[in-house]
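Working through the structure, step by step
The lines below spell out each chain.
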Amino acid sequence: MERAVLIRTISSSLLACNRFLFSSPRLARSFLSKSPVVASQRHYHRLIPNLTNRSLPRRGLRGFSRLSVASQSSSLRFSLSNRHFSSLATRAVASPSTQVSPEIAGVNDEVTEKFGFEKVSEQFIGECKSKAVLFKHKKTGAEVMSVSNDDENKVFGIVFRTPPKDSTGIPHILEHSVLCGSRKYPLKEPFVELLKGSLHTFLNAFTYPDRTCYPVASTNTKDFYNLVDVYLDAVFFPKCIEDFQTFQQEGWHYELNNTAEDITYKGVVFNEMKGVYSQPDNILGRTAQQALFPDNTYGVDSGGDPKVIPKLTFEEFKEFHKKYYHPSNARIWFYGDDDPSERLHILSEYLDMFDASKAREESKIAPQKLFAEPVRIVEKYPVGEGGDLKKKHMVCLNWLLSDKPLDLQTELELGFLDHLLLGTPASPLRKALLESGLGDAIVGGGVEDELLQPQFGIGLKGVSEDNIPKVEELIMSTLQKLSEEGFEKDAVEASINTIEFSLRENNTGSFPRGLSLMLRSIGKWIYDMDPFEPLKYEKPLIALKARIAEEGSKAVFSPLIEKFILNNPHCVTIEMQPDPEKASRDEAAEKEILEKVKASMREEDLAELAHATEELKLKQETPDPLEALRTVPSLSLHDIPKEPIRVPAEIGEINGVKVLQHGLFTNDVLYSEVVFDMSSLKQELLPLIPLFCQSLLEMGTKDLTFVQLNQLIGRKTGGISVYPFTSSVQGKEDPCSHIIVRGKAMAGCAEDLFNLMNCVLQEVQFTDQQRFKQFVSQSKARMENRLRGSGHGIAAARMDAKLNMAGWISEQMGGISYLEFLQALEEKVDNDWDGISSSLEEIRKSLLSRKGCLVNMTTDSKTLTDTEKFVSKFLDLLPSNSPVERASWNARLPPNNEAIVIPTQVNYVGKAANLYDVGYQLDGSAYVISKHISNTWLWDRVRVSGGAYGGFCDFDTHSGVFSFLSYRDPNLLKTLDVYDATGGFLRELEMDDDTLTKAIIGTIGDVDAYQLPDAKGYSSLLRYLLGITEEERQKRREEILSTSLKDFKEFANVVDAVKDKGVSVAVASLDDFEAANKERSNFFQVKKAL
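Overview of the structure. All residue numbers refer to positions counted from 1 along the written sequence of the respective chain. Whole-chain, interface and lining totals are the exception, using all residues; otherwise, since this is a predicted model, local features are given only for residues with pLDDT of at least 70 and side-chain atom pairs are given and counted only at 80 or more. In computing side-chain values, all of the structure's heavy atoms are included and hydrogens and water are not.

1. As for the sheet that holds strand β20 (residues 720–727)
- Criterion used throughout: strands pair if DSSP finds at least two bridges between them. Segments assigned H or I by DSSP are reported as helices when at least four residues long, segments assigned E as strands when at least two residues long, and all are numbered from the N terminus. A sheet is described by the order of its strands in space; here 6 strands give the open sequence β17-β18-β22-β19-β21-β20, paired in mixed fashion. Each edge of the sheet is formed by a strand with only one pairing partner; in this case those strands are β17 (650–654) and β20. Averaged over all pairs of adjacent strands, the angle between strand axes in this sheet comes to 25°, irrespective of strand direction.
- The pairing of β20 with strand β21 (residues 736–746) spans 8 bridges and is antiparallel. Following the sheet pairing, Ser727 is matched in β21 by Cys736.
- Along the sheet, helix α35 (residues 1013–1025) makes contact with β17, β18 (657–663), β19 (669–677), β20, β21 and β22 (854–859), crossing β22 at roughly 155°. With axes taken as lines fitted to C-alpha atoms, and helix axes fitted only over the stretch in contact, angles between N-to-C directions fall between 0 and 180 degrees. Pairs of residues are marked as contacts when any of their non-hydrogen atoms sit within 4.5 Å.

2. Structural notes on the sheet that holds strand β27 (residues 1063–1068)
- Within the open sheet, the 6 strands sit side by side as β25-β26-β24-β27-β23-β28. Their pairing is mixed. Every other strand in the sheet has two partners, leaving β25 (950–956) and β28 (1085–1088) as the edge strands with one partner each. Strand-to-strand twist across the sheet, computed as the mean angle between neighbouring axes with direction ignored, equals 15°.
- Note: strand β24 (residues 908–914) against β27, 5 bridges, orientation antiparallel. The residue of β27 that forms the bridge with Ala912 is Val1063.
- Helix-sheet contacts for helix α38 (residues 1070–1079) involve β23 (898–901), β27 and β28, and the interaxial angle to β27 is about 140°.

3. Thoughts on the side chain of Arg331
- Positionally, Arg331 belongs in strand β11 (residues 330–336).
- Any residue under 20% of the maximum accessible area for its type is buried, any over 50% is exposed, and the rest in between are partly exposed; the area is computed with a 1.4 Å probe on protein chains only. Among the residues examined, Arg331 registers a relative accessible area of 0% and is labelled buried.
- The term polar contact refers here to a pair of N or O atoms within 3.5 Å; inside protein, the definition further demands a hydrogen-donor-capable atom paired with an acceptor-capable atom, and it admits residues adjacent in sequence only when both atoms are side-chain atoms. Among the polar contacts made by the side chain of Arg331, one reaches the side chain of Asp528 at a distance of 2.6 Å.
- Those residues in contact with Arg331 that lie beyond four places of it in its chain are Glu143, Gly157, Ile158, Val159, Arg161, Arg360, Ile522, Trp525, Ile526 and Asp528.

4. Observations concerning a negative patch on the surface
- On the surface, a cluster of negative charge is contributed by Glu385, Glu581, Glu587, Asp1071 and Glu1074.
- For Glu385, the location among the structural elements is in the loop between β12 (375–382) and β13 (393–400). Patch membership is restricted to residues that have no salt bridge and whose relative accessible area is over 30%. Joining uses 9 Å for like charges and 5 Å for the nonpolar side chains Val, Leu, Ile, Met, Phe, Trp and Tyr. In these tables, accessible area is a Shrake-Rupley quantity obtained with a 1.4 Å probe, and a residue counts as shielded only by the protein chains included in the view. By definition here, a salt bridge exists when the distance from a side-chain nitrogen of Lys or Arg to a carboxyl oxygen of Asp or Glu is within 4 Å. Residues counted as positive are Lys and Arg, residues counted as negative are Asp and Glu, and His and the chain ends are not counted. Each charge is placed at NZ for Lys, CZ for Arg, CG for Asp and CD for Glu.

5. Focus on the nonpolar core
- Here, nonpolar core means buried Ala, Val, Leu, Ile, Met, Phe, Trp, Tyr and Cys residues that are tied together by side-chain atoms lying within 4.5 Å of each other. Val674, Met678, Leu691, Phe754, Phe772, Leu787 and Leu875 are the most contacted members of the largest nonpolar core, which has 90 residues in total.
- It is helix α24 (residues 750–763) that provides the largest number of residues to this core, a total of 8 residues.
- Those residues in contact with Leu875 that sit more than four places away from it in its chain are Ile654, Asn655, Val657, Arg850, Cys853 and Val855.

6. Points about the pattern of salt bridges
- Following the criterion strictly, the structure yields 77 salt bridges and no others.
- Between Lys862 and Asp866 there is a salt bridge; the shortest N-O distance is 2.8 Å. Of this pair, Lys862 and Asp866 both sit in helix α30 (residues 861–876), 4 residues apart, which is roughly one turn of that helix.
- Overall, the relative accessible area of 31% leaves Asp866 in the partly exposed class.
- Each of the salt bridges in this network shares a partner with another, and the network as a whole consists of Glu143, Arg161, Arg331, Arg360 and Asp528.

7. Let's talk about the packing of aromatic side chains
- Put simply, two rings from Phe, Tyr or Trp (the six-membered ring, in Trp's case) pair if the centres are within 6.5 Å, and we call them stacked under 30 degrees between planes, edge-to-face over 60, tilted for the rest. A complete count under the given rule lists 45 aromatic pairs for this structure.
- When the centroid spacing of 5.7 Å and the interplanar angle of 85° are considered together, the rings of Tyr920 and Phe1051 count as edge-to-face. Pair noted here: Tyr920 is in the loop between β24 and α31 (925–945) and Phe1051 is in helix α37 (residues 1045–1061), with a separation of 131 residues, a long-range link.
- By relative accessible area, Phe1051 is classed as buried at 3%.
- Feature note: the residues Phe160, Tyr214, Tyr231, Phe236, Phe237, Tyr325, Tyr350 and Phe354 constitute an aromatic cluster, connected by ring pairs.
- Criterion for a charge above a ring: Arg CZ or Lys NZ at most 6 Å from the ring centre, at most 35 degrees from the ring normal. Arg211 extends its terminal NZ or CZ atom over the ring of Tyr208, reaching a point 4.2 Å from the ring centre.

8. Topic: the side chain of Thr936
- Examined against the element boundaries, Thr936 turns out to sit in helix α31.
- Residue classification places Thr936 among the buried positions, given a relative accessible area of 10%.
- In contact with Thr936, not counting residues within four places along its chain, are Lys196 and Phe985.

9. What about unusual backbone geometry?
- Unlike most non-glycine residues, Lys129 shows phi in positive territory, near 50°.
- One can find Lys129 in the loop between β2 (117–125) and β3 (130–137).
- One non-glycine residue, Asn667, lies in positive phi territory at about 60°.
- Its place among the elements puts Asn667 in the loop between β18 and β19.
- With relative accessibility at 16%, the residue Asn667 sits in the buried group.

10. Quick notes on the packing of helix α15 (residues 489–505) against helix α17 (residues 538–551)
- Their axes nearest at 12 Å, the elements α15 and α17 cross at an angle of 170°. In terms of their interaxial angle, α15 and α17 are classed as roughly antiparallel. Where α15 approaches α17, its residues Val492, Ile496, Glu500, Leu503 and Arg504 are matched on the opposing element by Glu538, Leu541, Lys545 and Ile548.
- Grouping the amino acids of the contact of α15 with α17 by side-chain chemistry returns 5 nonpolar, no polar and 4 charged. Should an angle fall under 35 degrees it is called roughly parallel, over 145 degrees roughly antiparallel, and 65 to 115 degrees roughly perpendicular, with every other angle called oblique. Each residue is assigned to one class: nonpolar for Ala, Val, Leu, Ile, Met, Phe, Trp, Tyr, Cys and Pro, charged for Asp, Glu, Lys and Arg, and polar for all the others, Gly among them.

11. Structural notes on the pairing of β20
- With 8 of 8 residues buried, β20 lies mostly within the body of the structure.
- Residues Ile720, Val722, Pro724 and Thr726 of β20 are buried on one face, and the alternating residues Ser721, Tyr723, Phe725 and Ser727, pointing to the opposite face, are buried as well.

12. Some points on the environment of Glu673
- Tracing the backbone shows Glu673 in strand β19.
- Relative accessible area serves as the criterion here: at 1%, Glu673 is assigned to the buried category.
- For the pair Glu673 and Gly743, spaced 70 residues apart in sequence, the C-alpha separation works out to 6.4 Å.
- Non-local contacts of Glu673, meaning those with residues more than four positions away in its chain, are made with Ile740, Val741, Arg742, Leu854, Val855, Asn856, Tyr1018 and Leu1021.

13. Some points on the packing of helix α4 (residues 190–197) against α31
- Remark: α4 packs on α31, axes separated minimally by 9 Å, with the N-to-C direction vectors making an angle of 165°. When the axis of α4 is compared with that of α31, the two are roughly antiparallel. In the crossing of α4 with α31, the sense of the turn from one axis to the other is left-handed. Across the interface between the two elements, Phe191, Val192, Leu195 and Lys196 of α4 pack against Lys931, Asn935, Thr936 and Trp939 of α31. Handedness of each helix crossing follows the sense of rotation of the near helix against the far helix: counterclockwise by less than a right angle gives left-handed, clockwise gives right-handed.

14. Looking at helix α10 (residues 340–351)
- One less than the residue count of a helix, multiplied by 1.5 Å, gives the span that helix is expected to have. Spanning 12 residues, α10 covers 17 Å between terminal C-alpha atoms, matching the ideal 16 Å at 1.5 Å per step.
- Most of α10 sits inside the fold, with 9 of its 12 residues counted as buried.
- Where α10 is concerned, the buried positions are Pro340, Ser341, Arg343, Leu344, Ile346, Leu347, Ser348, Tyr350 and Leu351.
- For α10, the N-terminal capping position is held by Asp339, with its side-chain oxygen 2.9 Å away from the main-chain nitrogen of Ser341.

If you want it as structure tokens, here you go:
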């Protein structure tokens, strides 16, 4: 199974670059995220074109997050990931809300009976200030959790237990397919129509190893119920069980365009999983899970193994749906401020149509029995040819912790232990591994509790073969030492504060809180356990803190280490060996199978296959009839506010420094950003910026080791992060380029927050050569991983660097240029450490000044006033010298078509041009048009017909760069041809009023994205930095709302600039590039990256 989440990093249009023109970047923070260590994210997701939704559901129980202080470079385009300051860095105790929730409506017994339900249990959940009622549908046994509160971001989810018996990927293919038309909505993909024209705040589906989830969310009640109805009809009455072509499209099929050509495999899930199986970390995670669970459903891949997917038959596919997609096997979740009686009414209309089945019994997950002896497995993974293979091995130790599910108290204790071991850079197991010099980066997800039985995994990658035994010995000896000696008192205190702050703050970013709670609840509920229990952390947390205070932390955590790890024989050691020939062997094996298939066919069979291929493509490319499209419910423009969402903002000064203040209720948490101008920095120092930011947070001061500083931050604040922010500014030559220091704390710890910010910025010493060398190795490993898993992001950054200065700056700090810098820097750290240390000091000196500094704060009005004196003291301590004059950064990469070569089975294909360079003047209609191109033309031609996992476009309205990108794509030149035909698509486009209205509403849904208070304050800051006024926001909104078909037609000539003047960058295998350059003479300049 894939350990790093299959992230929907696909942008429907301009969201990645322009959301904060209206709202802000979606700070996609999973409530339960575990960023610093590669986490075991064992679920697959339906592709949603949204670059901003970069983090997805995590663990079932643990409502706390790992500390992440590693800073990373980001341009504006990629500023929306969870790496900027997520709840990963939460480190101080927050108090429960003092606001009293209004009386929460319930459902009386008469209504419950009327709709065919019985009330099983009712509880008030103080932790989320909600009334939760568990209902059971009498006729079918379907269970419903109805959670009522004052949260306007309403959530619905329906979950089925779907245990596979093999690795054909049935659950995953079915998850894609049921959303391709249903009884009430008989069009090709109502899912896409919802993407186009609803105000959803979440719309997706995911496949776990043992369950499939279908969640939606919206703040608009009418829209919310529309989404619920489409999803209920999709799961219970899908067209796909009668439509073989949907199975072929989403799963797999043989493709033959003419009888003289070779047969190939195509299918969206097939190509998605080829991408998954190209990434070493994913291969490691899949191997570990299957080895830990050889005897139950977790021993196969629910997502599908590309070698096994073609064995799946349509009959097996249909039978799986019939067996498991039944109300008797369903757990249904509602959350938010809508009428709880209406929820039961909606459900009864569907559930009453079914009789009870045995699905609930037949889908039960059998536990894995514990081993008597440890197991060792050696697996190969693909690497590029000609590279140095010496330090390319990986090793990971994995334990199955119990033969049955654990109780809540033990799980909470294990969660704390996990954080103590691995949760921060100062955590002893993480620190020991990284400081050992035995490897480059950590692998393994620590404690994983989203399945029936919990696991623990830890290891290193970038290891030489002869050091593998040393890594294993170091893990065991470190754990043994911690068992014997216990953890430092300050470390335990910092962990408690971190976890408790995160639980109470409940900051899930753009991820709906109700969905986070649903995924926690379902982690127990799906195994027939109490769905209320995972939502209630107060009592076990109080009990754990009391026990630590009374008995000491050693008495709590040492027995856990001994029982679950040191004395546990159910241990699987995975050794991953680099194999430069594996990719070519796999391709040759697939080709041989397909050659045999073709050889076994008669001429008439081949002609029939070619005809079937043509028929499938014709269906895929034929628009739905208008009457089918009109079945999908939608809002009208009258439901849409005419003005943008406004954030209260006051601009003032403290000690001559601009201060932005946003008076919002934040549950007594202060969120603050301090911004420094980066424009005076020498050009050659730019690639050092990400490492400079990491060094500030992970090196010590004169008086504090980095461990002590880390623990102090953990005890006193909710986290501090430092990162660069770079963007073009519309109408200006010079980019906006800053370093942002971001932090949060309880209002009572505001002074501590600013004192620690000052400490990090001014007192940290750049003297630890070995730690810096670790940072370089970790960064290089991260970049290599990103290249394999998010090649579209690398291609986009590379194209930006060819087309505008801000793009070039960002690519220096986070693209191929940065990877090349890191590769050279590894050697330089040994040979010229003094020079590097001096450069880090030079960066600090050029950045830190009151001149050009800006402070942003978001909290309630009283805390804003009370905090001003601490801000004044912080600013007084900053140097008052003026920075040197603005540096000259006028640089871009050569505008040639570029091929980035990596070992992969799939491609990432991009093409872009700057529309402002050809005279385009921005109009708000461009937001609507680019979204429509993604959700129609590119979805149909690149994804549905072309077989890629995703195809989309993105318009950065700050720089003018319009980009096309594909994700896990089997094609290369064919995809570029689709991009080039976009102008023709727009010229021939016919669109009725309903379709146009949906496109406008969907765009408004994007720009009015739901935000928590910290994100509102941050988005206001970004608008200030980029000079975006409220008048401009209103103007763009009016242009969006008045978009016409004429605007689409006129944009055709504009987008032709990409065809005529654009640059292409693709990330793919050498074989695919050689074939492309053979077909189009020297089209790409080849650059080997891995």
